[in-house]
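Here is how the chains run, residue by residue.
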Amino acid sequence: MTFAIRTAAVEDAAAIAAIYKPIVETTAISFEEAAPSIDEMATRIDTILANYPYLVAEREGQIAGYAYAAQHMARAAYRWSVNVSTYIDEDARGLGLGRALYQKLLADLSDRGFHTAIAGITLPNAASVGLHEAMGFAQVGVYREVGFKFGQWHDVGWWQRLL
């Protein structure tokens, strides 16, 4: 099976929103409580692309996953650190798309001069932890019971990788 990775475009918003919607609606992986509309997703893509990479993986001509970087924190001293995220369509998980997306994303971030990539992972999430650790991220801490979704508290682990 082959797939191609390219820079996302606003026109990809519907496919990206479709991948993200079940994650928002059925899991605590995302702390959003309502899935963003296609228009909202298009705005997010456009905003991120102004300063950071946003990638999609296509499998058989369809978007099967995406990854992006975003501002870590607003203060100037944090400008060389980014938060990173990747989401893969349920039918495409386990095929190596997450790893391929992150390889390209992290290389792009390094080329742009960023120094640190940070990922927050709602726990437990063995698949995401495994991906991040395989990509060289190390756990640096856990925020206990920091998110409340689906009637319960959730921990978020933080992983970091120097670029």
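Relevant structure appears above.
Residues numbered from 1 in each chain as written. Predicted model: local features only at pLDDT ≥ 70, side-chain atom pairs only at ≥ 80, totals over all residues. Heavy atoms only, no water.

## Regarding the pattern of salt bridges
Pairing is possible between side chains of opposite charge, provided their charged atoms come close. In plain terms, the rule: We count a salt bridge whenever a side-chain nitrogen from Lys or Arg sits within 4 Å of a carboxyl oxygen from Asp or Glu. Helix and strand labels come from DSSP, where a helix needs a run of H or I of at least four residues and a strand needs a run of E of at least two; each type is numbered from the N terminus. Think of it in three bands: residues with accessible area under 20% of the maximum for their type are buried, residues over 50% are exposed, and the middle band is partly exposed, with areas taken using a 1.4 Å probe on protein chains only.
Counted according to the given criterion, the structure contains 6 salt bridges. The partner of Glu-32 in a salt bridge is Arg-44, with the nearest N and O atoms 2.8 Å apart. Taken together, the residues Glu-32 in the loop between helix H1 (13–26) and helix H2 (38–49) and Arg-44 in helix H2 connect sequence positions 12 residues apart. Taking the relative accessible area as the measure of exposure, Arg-44 reaches 26% and is therefore partly exposed.

## A word on the sheet that holds strand E7 (residues 152–162)
Basically, it comes down to this: Strands are treated as partners if at least two bridges between them are detected by DSSP. Here an angle of 0 to 180 degrees is reported between the N-to-C directions of two axes, which are lines fitted to C-alpha atoms, with helices fitted over the stretch in contact. In this analysis, two residues are considered to be in contact whenever any of their non-hydrogen atoms come within 4.5 Å of each other.
Strand order in this open sheet of 7 strands is E1-E2-E3-E4-E5-E7-E6, and the pairing throughout is mixed. A strand with exactly one partner marks an edge of an open sheet, and here the two such strands are strand E1 (3–7) and strand E6 (138–149). Each adjacent strand pair in this sheet contributes to an overall mean axis angle of 25°, direction not counted. Running at roughly 160° to strand E4 (residues 81–88), helix H3 (residues 97–111) makes contact with E1, strand E2 (54–59), strand E3 (62–71), E4, strand E5 (116–123) and E7 of the sheet. Packed onto the sheet, helix H4 (residues 126–134) meets E4, E5 and E7 and runs at close to 160° relative to E5.

## A closer look at unusual backbone geometry
Between Leu-123 and the following residue, Pro-124, the backbone shows a cis peptide bond with an omega angle of 0°. In this structure, Pro-124 sits in the loop between E5 and H4. Notably, Glu-145 is not glycine yet its phi reads approximately 45°, a positive angle. Relative to the helices and strands, Glu-145 is located in strand E6.

## Re H4
Note the following rule: Regarding the arc, it is the one traced by the directions from the helix axis to the C-beta atoms.
What H4 keeps buried is the set Ser-128, Val-129, Leu-131 and His-132. Projected down its long axis, H4 carries its buried residues within an arc of 165°, all on one side. Turned more than 90 degrees from where H4 packs its buried face, Ala-126 and Ala-127 sit exposed. In this structure, the buried residues of H4 make contact with E4, H3, E5 and E7. The first or second residue beyond H4 is Gly-136, which carries a positive phi of 95°.

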